[in-house]
Structures are given as structure tokens and as C-alpha cells.
Amino acid sequence: DGVQEAVVNLSSERATVEFDPGKLVLDDLIARVERAGYGVASGEADLVIQRLADDNDARRLESVLRKLEGVLEVQVTYASEKARIRYIPTLVSQADLRRAVSRAGFEALELGGDAEDAEAQVREKEIQTQRRLLIFGLIFTVPLFLLSMGKDFGLLPAFVYAPNAPAHMSGMREAQPWFNWLLLALATPVQFYVGWQYYVGAFKALRNGSANMDVLIALGSSAAFFYSLPMTFGWLGGHVYFETAAVIITLIKLGKYLEARAKGRTSEAIKKLMGLRARSARIVREGAEIEVPVDEVRPGDVVLVRPGEKIPVDGVVVEGRSAVDESMLTGESLPVEKQPGDVVIGATLNKLGLLKFEATRVGKETALAQIIRLVEEAQGSKAPIQKLVDQVSAVFVPVVILIAALTFLGWYFFGPLVPINADTSNFTRALIHMVAVLVIACPCAMGLATPTAVMVGSGKGAELGILFRSSEALERAGKISVVVLDKTGTITQGQPAVTDILTDGTLSGERLLVLAASVEKGSEHPLGEAIWAEATRRGLS
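Reading the values: rules and limits
- Residues numbered from 1 in each chain as written.
- Predicted model: local features only at pLDDT ≥ 70, side-chain atom pairs only at ≥ 80, totals over all residues.
- Heavy atoms only, no water.
- Phe/Tyr/Trp six-rings, centres within 6.5 Å; stacked < 30°, edge-to-face > 60°.
- Helix = DSSP H or I, 4+ residues; strand = E, 2+ residues; numbered from the N terminus.
- Buried < 20%, exposed > 50% of the residue type's maximum accessible area, 1.4 Å probe, protein only.
- Contact = heavy atoms within 4.5 Å.
- Core = buried A, V, L, I, M, F, W, Y, C linked by side-chain atoms within 4.5 Å.
- Pairing = 2+ DSSP bridges.

*Asks:* Residue-level account of the packing of aromatic side chains, with values.
*Replies:* As enumerated under the stated definition, the model contains 16 aromatic pairs in all. Residues Tyr227 and Tyr241 carry aromatic rings whose centres are separated by 5.9 Å and whose planes lie at 40 degrees to one another, so their mutual orientation is tilted. Highlighted residues: Tyr227 in helix 7 (residues 213-232) and Tyr241 in the loop between helix 7 and helix 8 (242-266), separated in sequence by 14 residues. Taking relative accessible area as the criterion, Tyr227 reaches 10% and is therefore assigned buried. A residue is classified by how much of its surface remains accessible, and Tyr241, at 16% relative accessible area, is buried. By the ring-pair criterion, three or more aromatic residues cluster together here, those being Phe192, Trp196, Tyr199, Phe225, Phe226 and Phe242.

Right, here's the structure in full:
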């Protein structure tokens, strides 16, 4: 109630929610996410606060910061003059926190740690967790698998096998009772430590009235594990399947680890785009030239950019002339001349002269920020084919469980008509085939592959300078047969190069290049750099 629309993307692990603020607050949404069995990534910022006069100031600042959307916890301590803030980085940035502190009449002096990239930290933590569980599972599963297969194929020492025990029709000999206890000891940590998250996930999914992949994993591995217990305790005779349960969990854990790594890598394209931004800006305030973090530049500020520096935000030139390399935005290799009245774009490179410009768009309003937002939206959007995937995925787990149940019943009642192994009971055979159906069906490759393909495809495109506005555009790109380019800069190397040297005959081409390169040696103009590069390539001094 209160949620108008919700889109959850598997590969980017993001939920975009439109809701009625009259019925819901952010804390309610977070509580719902956590009740459904998931977590919300948060970051921590440590700000050193100046101008706190007493405890009342600390409490007032706490109240101001708590009102910001996306702030979860705030603790301002007057004695240490510090504010510790826990926040959701996709809703509020550290720049927003600093601005709120400034509006309240205080000053945030410095920041602690790299909390800004809280999302990356959470992803890294998840990768490490899955890796640790995978290694733990392998330590127990590999010897368990080797012992179990060695026993079945008669490859273990004689003392493992029960004396005078006849071989079954399949050629397998019974093992000593203690051997099954050894297998149980190896399987239990895998089942209930490595596999515990599947039990928790299955419980929470069922509690919310749905069935996910965790349900299949928990059912399949538990069936094999608990079926083997009566044989181990000596209550029934027959074969144990501890290695089946352990191998199921460990193999799926390997898949989870690879999946976590893939998700971590897909966000690197966004990071590379963010890395294009300038970190700080030199601005003129109250007649003084000061350097501030780029997030603190406000519209109307006069910004100074020296030759060789990145332009920090979007604006309009008020003084100076220069050539600006805008290839990161346009693909054009030649710099664009700038003079008073011309527009400059943040993250482009000032090549030649000193520029003064008035900031017009800052923070999330800059051209680069809009590009980053477009790429993020494209990665989170659903391709048309995914509508079909969603329809299938919605009924996938219940249908698999139904097929598994029918498989069990079919083999249990009609198994005797299929003479495979006379010493295997109908129940055992039915159970083995049921487990096979459950295990092969999970994890659902289709439900995982489509969003991951969109995420990786749009991310790889951004890495190569191709931006997709939506995943539908990405899907339709597969049918492209003709590409029309409107400017040469898009298909060249991205920088000028010397191709020919023409003289009137009074000088040799090499001598002319030496003279020209000597003049251009200190130049930052791309044509000058091209002449210098050609002379260097030929080894001329």
C-alpha cells in the first residue's frame, strides 16, 4: 500500500520505487525490503564540524541532518566536534550532507574514508563472503566426493568395506558403519554452514508468499541429506547420498561467487565515467581565489581553469580565450576554440589559455552527470524480451516443484516396470530422480542471464564510448545493418598525426620536420603535439 511502481534489477542490484509520501516514508520501504529477506547498502561519513558552540548546536545539527531524505542515523558529538552519519548513497551524497551542514550555519571541515563508494564496498564484501564460503565448502566437499566415489568403485583399502559383505548387482560393496559417519561429519558443515543462506532465503520467500531459487536448492540438497540419515543410524539398509547434497551446495556456491564477481565488474564502466570528473575547482569568492571540492561549486560561482586542467562544471566563459579538448563528449579529436560567451562542459580538458567562466550547472545537473544517469537507467531498464522472462520466472519455481513431485510419484509407483537395479528400492530411485529435477532447474539461467546481459552490454558500451539510452535500444542494436556517422572525429584515432611533409625544395622534409618540431616542443595544441610526436617517432633531435 502506497507503492505506485517498483522496478528491481537483478544484475545492478538496485530497486527504483515510486511511492506516495503521504502513506509511506523511507524507513517503511527499508523495513519492507529487510522483511523480504534482503538488505539496503548504506555508507558512513565522518565530518569534522566547526563552529559548534554547545550541546544545543549539536542537537540542532542532528535534527537538520535527520530531515535529509536518505539519512538513516546521525550522531553529532560536541566534545569531539564530529558528526557520524549513516546514509543511503543512491539518495544522498556527502556533498549534500556538507551543504546541509553549511546551511545550518556550521562548517564541515574534512571527511573520513572512502564512504562515498558505499555500493562498491558492499559488493566487495559480498564477493569476499561468497569466496570464503566457497573455499570452506570445497575443503569438505572434495574429500567427501573422493571418498564416496572411491567406495562405490571399490578403490578404497579393504578395511573400509564390511567383511564378507556381498556386492550389489551394481558392483558396489557395503562399507563399515563408521564410514557413513565419516561422510556425515564431512557433509554437515557444508549443509548447514555453507548452505544456511539458502534455508534462510527459502523461509523468507515462502513467508512472503512466493518461491525462489533458494527453495529449489534447499529442497534438493535436504532431500539427499535427510534421506541418508536413517541409513547412517542403522535404521534402514541402503546407499547414502551425502556427497550429492554437499556437491549441490558447493557447485551453486561457485555459481554465486562468479555471479557476485560479474556484478562487481559491470559497475566499473560507471566508475570510469565518474573518474572523468575533476576532483576540485578553483573559484573566486569575495575577491579571493580559493580551491574547493567540485561538489561545493554553486551556480553563479566564477571558476578559473589553467592550461592542462579539467573543467570542473558546466558554465559560460566570461574572460579569456583557449582551445578545449571535448573529445570525451563529442568524439572530435580537434580542440574547440573558446572565447567569452561560449559554453564549456565539465570534465573536458582546457588545452591552451587561462579561462574564467561562470558556473551554470553543477552536481547532478552537469552534462557528465546526465550521461552517467542515462547509463545507470539503461542498465536498470528491462528489455522487451525480459517481459517474457518475467512471465516465465513468476511460475518457474512452483512448476519445477510440481514436476519434481510428479517425477517422484511416477518412479515410486511405476518404477518396478523399469528394471535398472534390483537392489535399489522404489523410494530411493524416486527420490534420486526428484532431486535431479530440482537440482538441474536451479539456478534459473534464463532469469539470471537476461538482466546480466543488459548490464554487461550497456556497461561494455559505455567503456567503449557507446551510450545506450535504454535496454530496448541495446536489444534492437543486434539487428543494425547500416551505421551512419555524422562527423569524422568518431571514426579516427582520436588525435591528429603527421601523414605527409611537403617542401618547396629549399629544405629536405626531415630538416623541415626538425625545425617545426623544435618550435612546437613546448606546445599543448594537438597539431603541435602531432608534429613533435612524428619527430620523436623518427628519432630526430
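*Asks:* Before we move on, can you summarise helix 3 (residues 94-103) with the specific residues and values?
*Replies:* Across the 10 residues that make up helix 3, a large majority, 7, are buried. Looking at helix 3, one finds that the buried residues are Gln94, Ala95, Asp96, Leu97, Arg98, Ala100 and Val101. Trailing helix 3 by a residue or two, Gly105 shows a phi angle of about 100 degrees, which is positive.

*Asks:* With reference to specific residues and values, describe unusual backbone geometry.
*Replies:* In this structure, Glu286 takes a positive phi of about 55 degrees despite not being glycine. Topologically, Glu286 is positioned in the loop between strand 7 (280-285) and strand 8 (288-293). A positive phi angle, near 80 degrees, is found at Ala347, a position not held by glycine. Of note, Ala347 is situated in the loop between strand 13 (343-344) and strand 14 (349-350).

*Asks:* So what's going on with the environment of Ala205? Which residues, and what values?
*Replies:* In this fold, Ala205 is placed in helix 6 (residues 196-207). With a relative accessible area of 7%, Ala205 lands in the buried category. Spatially, the C-alpha atoms of Ala205 and Gly37 are 7.5 Å apart, while their sequence positions differ by 168 residues. Residues in contact with Ala205, not counting those within four places in the same chain, are Ser210 and Asn212.

*Asks:* I'd like a rundown of the nonpolar core, residues and numbers included.
*Replies:* In this structure, Leu144, Leu216, Phe225, Phe242, Leu431 and Met434 are the most contacted members of the largest nonpolar core, which totals 44 residues. Residue assignment for this core shows that the elements contributing at least two residues are helix 4 (118-152), helix 5 (177-194), helix 6, helix 7, helix 8, helix 12 (384-414) and helix 13 (426-441). The element that contributes the greatest number of residues to this core is helix 7, accounting for 10 residues. Counting residues in hydrophobic clusters, the runner-up holds 21 residues, among them Val74, Val76, Val101 and Ala108.

*Asks:* Describe in detail the pairing of strand 4 (residues 71-77), supporting the description with residues and values.
*Replies:* Look at any regular strand and the pattern is simple: side chains alternate between the two faces of the sheet. As paired elements, strand 4 and strand 5 (residues 82-87) share 6 bridges and run antiparallel to each other. Within strand 5, the position partnered with Val76 by the bridge is Ala83. In textbook terms, the turn of a hairpin is the stretch between consecutive antiparallel strands, and for strand 4 and strand 5 this stretch comprises 4 residues, one of which, Glu81, has a positive phi near 55 degrees.

*Asks:* Outline the sheet that holds strand 14, listing residues and values.
*Replies:* What holds strands together in a sheet is hydrogen bonding between their backbones, with the strands either parallel or antiparallel. Within the open sheet, the 3 strands sit side by side as 12-11-14. Their pairing is antiparallel. What marks the edges here is a single partner per strand, and that holds for strand 12 (336-338) and strand 14.

*Asks:* Let's hear about the sheet that holds strand 9 (residues 302-305): which residues, and what values?
*Replies:* Pairing is antiparallel in the open sheet, where 6 strands are placed in the order 8-7-9-15-10-13. At either end of the open sheet lies a strand with only one pairing partner, and these are strand 8 and strand 13. The pairing of strand 10 (residues 314-319) with strand 13 spans 2 bridges and is antiparallel. Paired with Val316 across the bridge in strand 13 is Val343.

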